[in-house]
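Residue-level listing of the chains:
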Amino acid sequence: KTVAVIMMGGPTKGTRFRPLSFNLAKPLFPLAGQPMVHHPILACKKIPDLAQVYLIGFYEEKDFSLYISALSNELKVPVRYLREDKPHGSAGGLYNFQDLLMEDDPTDIIVLNCDVCCSFPLTDMLAAHRKHEGIGTLLVKKVSKEIASEFGELVADPKTGELLHYAEKPETFVSDFINCGVYIFTPEIFTAIKAVTYTKHETSSLRRMSSFEALHTATNSRAMQADFVRLDQDILTPLAGKKKLYTFETNDFWEQIKTPGMSLRCSSLYLAQYRLTMPELLATGDGKRSPTIIGDVFIHRSAKVHPTAKLGPNVSISANARIGPGARLIGCIILDDVEIKENAVVMHSIVGWKSSLGRWARVQGGGDYNAKLGITILGEDVAVEDEVVVVNCIVLPHKTLNISVQDEIIL
Ligand code: GDD
């Protein structure tokens, strides 16, 4: 049997996602019309012997209760949220719930970071994992040298795929192969985490005994705490080169979703993937009363779009949104209950829940999804009045804009 675990993190982890994480846990933010975490979960669902899906995090349980009950019905596989009382790190979180995760006596445990966007080639990865004698398989990808240091960099044996060397976000270049945050382990991973926890305990009690060190180092810093164990630097680094870990390379798309800008990019990647896997989710623009559709567009069935509006490419429209006559939308995520009035334009932007755009209003970003102000974000319940132009701005919730603004964070 296989169980799947999605590492969700918690509210303190989603800070770069503000202001969108104010009223929604980051893993639930919609990409291509479905919660971020839904995409990896659907990929797990394709594993034939999947027994359970666990979501582990330190968000409050109520943040996920609605989503989880809907999900259990949809998947026909039990889904449980396991709450940590505090952050234990990506490996510590797993270790904490070892007994529950082992309830179904799984042979393989899939572990996924909730904030990565990829094709999740889990079936092929599982087949590769079951062939070698190791305790873990990591999904890896070659990226450009310039960005590799934002991730875990690694060296693998080109013939066997064995992980030979691992360095988490190194300061000097190690390799342009990176860790994608998608893993398959055998239950022996728990023994490895236990060993690290034990060593950390020993070190921290030694430290406590040394008053000099206590004065001069932050012994209480999170990384030093014995029960805070990270999968990458605490587990992968020491296990590399010991014939325990193997890599599986993907050439498909892969991105990390740390900022709202990246959520726009990832939304477009998932929409493009729907073309191949679930084309029925994409708007066709075929009907008589349908708007004009260009490229990949998702429209929630409860949203109302005027037939003279023009949408796409890369547009996702959530529940109960209303898009008026002549509106033009390009590269954007429109969240629940938004109203866009006639002839308004939205480009490279995220429009928050219950916000409204007046007639001929224009909300746009430059379109550089990696830049800090490369897109415009309207928080919840922002009103942009008629004919007002908002360019490259982040607008916090509950604001009314009655004059045009550019390159500003509006608090
Ligand atoms: N439950 C739980 N508890 N989850 C956690 C915790 C924790 O204490 N800490 C982090 N996570 C989750 C995050 O939500 C995320 O999904 C994943 O674990 C990894 O988060 P980080 O440890 O903050 O690492 P990162 O995202 O900066 O980088 C990791 O992922 C990259 C791929 O996206 C590293 O493993 C990199 O090497 C890797 O390239």
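Definitions and limits used
Residues numbered from 1 in each chain as written. Predicted model: local features only at pLDDT ≥ 70, side-chain atom pairs only at ≥ 80, totals over all residues. Heavy atoms only, no water. Helix = DSSP H or I, 4+ residues; strand = E, 2+ residues; numbered from the N terminus. Rg over C-alpha atoms; globule rule 2.2 N^0.38 Å. Buried < 20%, exposed > 50% of the residue type's maximum accessible area, 1.4 Å probe, protein only. Phe/Tyr/Trp six-rings, centres within 6.5 Å; stacked < 30°, edge-to-face > 60°. Lys NZ or Arg CZ within 6 Å of the ring centre and 35° of its normal. Polar contact = N/O pair within 3.5 Å; in protein donor to acceptor, adjacent residues only side chain to side chain.

Draft legend 1. Broad picture of the overall build of the chain. Along the chain, the regular secondary structure elements total 10 helices and 31 strands. Rg of the C-alpha trace for the chain: 23 Å, near the compact-globule value of 22 Å for 411 residues, within the 12% margin. Projected onto its principal axes, the C-alpha coordinates of the chain cover approximately 65 × 50 × 40 Å. Burial analysis of the chain (411 residues in total) assigns 53% to the buried set.

Draft legend 2. Just the packing of aromatic side chains, in detail. Under the definition given, this model contains six aromatic pairs. Measuring from ring centre to ring centre gives 5.5 Å for Tyr 183 and Phe 185, while their planes differ by 15 degrees; the resulting arrangement is stacked. Judged by its relative accessible area of 2%, Tyr 183 falls in the buried class. In this structure Phe 185 comes out as buried when scored by relative accessible area, which is 0%. Counting every residue linked through ring pairs, the aromatic cluster contains Tyr 59, Phe 64 and Tyr 81. The lysine or arginine in question, Lys 145, covers the ring of Phe 173, its NZ or CZ lying 4.8 Å from the ring centre.

Draft legend 3. Structural detail: the environment of Arg 328. You can see Arg 328 is positioned in strand β20 (residues 328-334). Between the C-alpha atom of Arg 328 and that of Ala 344, which follows or precedes it by 16 residues, the distance is 6.5 Å. Looking at Arg 328, its side chain comes within polar contact range of the main-chain oxygen of Lys 310, at 3.2 Å.

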